[in-house]
Amino acid sequence: MKILKLLTLAMMLNVSLYGADNEIYIDQSGDTANIDLEQLGSSNIIGGLDSTAGSLTPLDLDGNTLDLILNQIGDSNTFLGDILGDNIVGYFNFDGNSNAFTIQVDPTNTYGADGSNLNVQATGDSNTFNLDLATNAIASNTDLDWIINGSSNTLTFDIDVDGATSYVDIDGDSNTVTYDGDGYANGYFYLDQTGSLRTFNIQQQSTLASDWLKIISNGDSGTVCVIQDDGGTAIGC
């Protein structure tokens, strides 16, 4: 087991770990950080959010103009953490099955989360993705892209939009997409899906603003629920 702890003001970090049951612990504070993380193997953890295994916590990244690259290659890996700051560029790549991704980007409205450009790519089955991006309409000019290939994956993301654009391309059977977009400015969501037995639960509820939704879906069977409400009302399918 390997544990790495860092605290810097401006840094370039490159980490690669090989094998099973590796752990990375990072506590980063400061602007203009460039972080590149790679884990190869199974049952690895990049902590926070109360991790597990060796008890880690956190991955906690605080600061503006952050560049983050993550590659987890293997099965049953976990990426958990909190990110606070504007102008975050993140590339997250997962290749394997039964992996877990849970990230909060300033959920308590501490600093804001403007200008984020996030790209999540995954190949494999039975993976779980959870993203909470900003709070109280502070995800200004966000560009979020998901490219998912595989079956039985679960994708859940919550964006408090302020001119945010979200794109999901998901191919495979028995996949689930849950999206909750609210805030006080316009939001755009484009979902392109291929596969059977899909489940979509999409809610767009920008208060006194416009939301746009485009869905292209190919496959048999499944459940689709779409709700748009410009009153910003809490609703459900």
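Residues numbered from 1 in each chain as written. Predicted model: local features only at pLDDT ≥ 70, side-chain atom pairs only at ≥ 80, totals over all residues. Heavy atoms only, no water.

1. Description of the overall build of the protein
So, step 1. Secondary structure summary: the protein contains zero helices and 21 strands in total.
So, step 2. A burial count over the protein gives 49% of its 237 residues as buried.
So, step 3. Long-range contacts, defined here as pairs at least 24 residues apart, represent 46% of the contacts in the protein between residues at least 6 apart.
So, step 4. Looking at the protein as shown, the accessible area adds up to about 9700 Å², and 47% of this sits on carbon and sulfur atoms. (Helix = DSSP H or I, 4+ residues; strand = E, 2+ residues; numbered from the N terminus. Buried < 20%, exposed > 50% of the residue type's maximum accessible area, 1.4 Å probe, protein only. Contact = heavy atoms within 4.5 Å. Areas by Shrake-Rupley, 256 points an atom, 1.4 Å probe, with all protein chains shown as cover.)

2. Things to note about the side chain of D145
So, step 1. Checked against the element boundaries, D145 lands in strand β14 (residues 143-149).
So, step 2. Here D145 sits buried without a salt bridge, and the closest side chain of opposite charge, K214, lies 13 Å off (N-O distance).
So, step 3. Contacts of D145, omitting those with residues within four sequence positions, involve L118, N119, V120 and Y167. (Lys, Arg positive; Asp, Glu negative; His and termini not counted. Salt bridge = Lys/Arg side-chain N within 4 Å of Asp/Glu carboxyl O.)

3. Focus: the packing of aromatic side chains
So, step 1. Overall, the coordinates contain 13 aromatic pairs when judged by the stated rule.
So, step 2. Each ring, one from F94 and one from F129, has its centre 5.8 Å from the other, and the planes form 65°; the classification is edge-to-face. With F94 in strand β9 (residues 89-95) and F129 in strand β12 (residues 128-133), the pair connects residues that are 35 residues apart, well separated along the chain.
So, step 3. Judged by its relative accessible area of 1%, F94 is buried.
So, step 4. A relative accessible area of 2% means that F129 is categorised as buried.
So, step 5. Between F157 and F189, the aromatic rings sit 5.8 Å apart at their centres with planes inclined by 85°, giving edge-to-face as the arrangement. With a gap of 32 residues between them, F157 in strand β15 (residues 154-162) and F189 in strand β18 (residues 187-194) connect regions that are remote in the sequence.
So, step 6. By relative accessible area, F189 is classed as buried at 0%. (Phe/Tyr/Trp six-rings, centres within 6.5 Å; stacked < 30°, edge-to-face > 60°.)

4. Points about a nonpolar patch on the surface
So, step 1. A cluster of nonpolar residues, I215, V224 and V226, forms a patch on the protein surface that exposes about 220 Å² of accessible area.
So, step 2. Relative to the elements of secondary structure, I215 occurs in strand β20 (residues 211-218).
So, step 3. Judged by its relative accessible area of 32%, I215 is partly exposed. (Patch = residues over 30% accessible without salt bridge, like charges linked within 9 Å, V, L, I, M, F, W, Y side chains within 5 Å.)

5. Focus on the confidence of the model for the protein
So, step 1. Here the protein averages 82 in pLDDT, and 83% of its residues register 70 or above.
So, step 2. Counting interchain partners and residues more than four positions distant, the pLDDT-below-50 stretch residues 1-20 has 63 contacts. (pLDDT = per-residue confidence, 0-100.)

6. Some words on the nonpolar core
So, step 1. The biggest cluster of nonpolar side chains holds 45 residues, and the ones touching the most others in it are F79, F101, L131, W146 and F157.
So, step 2. If one sorts the elements of this core by residue count, β15 sits on top with four residues. (Core = buried A, V, L, I, M, F, W, Y, C linked by side-chain atoms within 4.5 Å.)

7. Some details on the pairing of β14
So, step 1. Pairing of strand β11 (residues 117-123) with β14 involves seven bridges; the strand directions are parallel. Across the sheet, residue V120 finds its bridge partner in β14, namely W146.
So, step 2. Relative to strand β16 (residues 164-171), β14 is paired through seven bridges, and the arrangement is parallel. Considered in β16, the bridge of L144 is made with S166. (Pairing = 2+ DSSP bridges.)

8. Focus on unusual backbone geometry
So, step 1. Despite not being glycine, S43 shows a phi value in the positive range, around 60°.
So, step 2. By secondary structure assignment, the location of S43 is in the loop between β4 (34-40) and β5 (45-46).
So, step 3. You can call S43 partly exposed: its relative accessible area is 35%.
So, step 4. In this structure, T65 takes a positive phi of about 55° despite not being glycine.

9. What about the side chain of D182?
So, step 1. Tracing the chain through its elements places D182 in strand β17 (residues 176-183).
So, step 2. Here D182 sits buried without a salt bridge, and the closest side chain of opposite charge, K214, lies 24 Å off (N-O distance).
So, step 3. When sequence neighbours within four positions are dropped, the list of residues in contact with D182 reads D158, I159, D160, V161, Q205 and S206.

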